[in-house]
Amino acid sequence: MTARSHANRTAPGRGLERAARAAAWGCALAATLPVAFLVGYLAYEAGPALGGGLFFGNVPALAAILGQRPVWDGIWPACAGTLALVALTSAMAVPLGVAGGISLSLFARGRLRRLLRLGVDVLAGIPSILMGLFGFALILFLRRTFLPQANTCLLLAAASMALLILPYVVGATAGALDALPDAMRLLGPSLGLSTWRTVAGVLLPSARRGIFGGVILAVGRACEDTAVILMTGVVVGAGLPSGLFGKFEALPFYIYYTSAQYQTPDELTRAYGAALVLLCLAVGLFICARAGSRLVGGRYGMEEMR
């Protein structure tokens, strides 16, 4: 075979490779450019509202943060309510989700394993509005039975949100543990370690990269959802969260309500500003997921060869 004939045969292969590469770049740009346009438009519309007044209105920042003076024209109460909701939701969902993922991956077998995976998948597919309806129905049940004074509140919203993100934490934990090689699973027993010492000292540290990333992404979902909190305790003008059984404000609901009910262009501009703050919060969580998965992630074998 001559060099010319070999070049003629490889030319179509190179052409297909270039076409596939161009198509891949086109798909990447098609997914990225609309997002960039939307972010740029949001930043343009929110630009006039950016500043201390967006968060605290005419109230001094320190007095607003400490709760000494109420904030009526800023988004600080909504920011504080969102942070409180995310913190409480994480405290409920993360330990239970990690424990559920461990049980699903390491201890469940046969039909029980399949049933548990089916239950997790079904729970992950439930729309958020149904989870909000579940929380609201729970309050109605408590009112008619054990707690006549029960009402929607921060605790109910966090519990409903924890149920919403729980399957994502379970799935991330189980997936990270399932991805470990068999040699890692046999390391603890070969050293004479008990089952729980193997899980806590060998498997979880090796899988914490995937677990941590999944947890952060689930928490990002919690800070953005509106349908759940709409029916379980969020109200406009509630101020800073007064406790677990009090009403609260949140950024997603503030954006929804203000953009639907605004009376002046300034109110709409504040809604754009709140949307940009919420977007920055979500992007910050995703960056933390990426950085945290690199810093605290368990690495072994070929993962070190890059």
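The structure we're discussing is the one just above.
Please read all numbers here as calculations on a predicted model, not as lab measurements.

(A) How the structure looks around the overall build of the protein. For the protein, the count of helices and strands is 12 helices and 0 strands. Traced from its N-terminal end to its C-terminal end, the protein shows the element sequence α-α-α-α-α-α-α-α-α-α-α-α. The principal-axis extent of the C-alpha atoms belonging to the protein is close to 85 × 55 × 35 Å. Taking all 306 residues of the protein together, 36% fall into the buried category. Here the contacts in the protein between residues at least 6 apart in sequence split such that 72% fall between residues at least 24 apart. Carbon and sulfur atoms provide 67% of the accessible area of the protein, an area that totals close to 17,500 Å². Considering the protein, the positive charge centre built from 24 side chains and the negative charge centre built from 13 side chains are found 12 Å apart.

(B) Inspection of a nonpolar patch on the surface at higher detail. Side chains of Phe-134, Leu-138, Phe-141, Phe-146, Leu-147 and Leu-163 sit close together on the surface and give an oily, nonpolar patch of about 590 Å² of accessible area. By secondary structure assignment, the location of Leu-138 is in helix H6 (residues 128–144). Judged by its relative accessible area of 34%, Leu-138 falls in the partly exposed class.

(C) Quick peek at the environment of Ala-271. Counting through the fold element by element, Ala-271 comes out in helix H12 (residues 265–295). Note on Ala-271: relative accessible area 4%, which makes it buried. Distance from Ala-271 to Thr-258, taken between C-alpha atoms, is 6.0 Å for residues 13 residues apart in sequence.

(D) Main features of the side chain of Glu-249. With respect to the secondary-structure elements, Glu-249 resides in the loop between helix H10 (227–230) and helix H11 (251–261). For the buried Glu-249, no salt bridge exists, and the shortest N-O distance to an oppositely charged side chain is 10 Å, to Arg-270. Of note is the side chain of Glu-249, whose polar atom sits 3.2 Å from the backbone nitrogen of Ala-238. Among the polar contacts listed, one links the side chain of Glu-249 to the backbone nitrogen of Gly-239, at a separation of 2.8 Å. For Glu-249, the contacting residues outside a window of four places in its chain are Pro-77, Ala-78, Gly-81, Thr-82, Val-234, Val-235, Gly-237, Ala-238 and Gly-239.

(E) Region of interest: the packing of helix H5 (residues 110–124) against helix H7 (residues 154–178). Where H5 meets H7, the axes come as close as 8 Å, and the angle between the chain directions of the two elements is 135 degrees. In terms of their interaxial angle, H5 and H7 are classed as oblique. Helix-helix and strand crossings are classified by hand; for H5 and H7 the assignment is left-handed. Within the contact between the two elements, H5 uses Arg-113, Arg-117, Val-120, Leu-123 and Ala-124 and H7 uses Leu-163, Pro-167, Tyr-168, Val-170, Ala-174 and Asp-178.

What counts and how
- Residues numbered from 1 in each chain as written.
- Predicted model: local features only at pLDDT ≥ 70, side-chain atom pairs only at ≥ 80, totals over all residues.
- Heavy atoms only, no water.
- Helix = DSSP H or I, 4+ residues; strand = E, 2+ residues; numbered from the N terminus.
- Buried < 20%, exposed > 50% of the residue type's maximum accessible area, 1.4 Å probe, protein only.
- Contact = heavy atoms within 4.5 Å.
- Areas by Shrake-Rupley, 256 points an atom, 1.4 Å probe, with all protein chains shown as cover.
- Lys, Arg positive; Asp, Glu negative; His and termini not counted.
- Charge placed at Lys NZ, Arg CZ, Asp CG, Glu CD.
- Patch = residues over 30% accessible without salt bridge, like charges linked within 9 Å, V, L, I, M, F, W, Y side chains within 5 Å.
- Salt bridge = Lys/Arg side-chain N within 4 Å of Asp/Glu carboxyl O.
- Polar contact = N/O pair within 3.5 Å; in protein donor to acceptor, adjacent residues only side chain to side chain.
- Axes fitted to C-alpha atoms, helices over the stretch in contact; angles between N-to-C directions.
- Parallel < 35°, antiparallel > 145°, perpendicular 65-115°, else oblique.
- Left-handed = near helix turned anticlockwise from the far one by under 90°.

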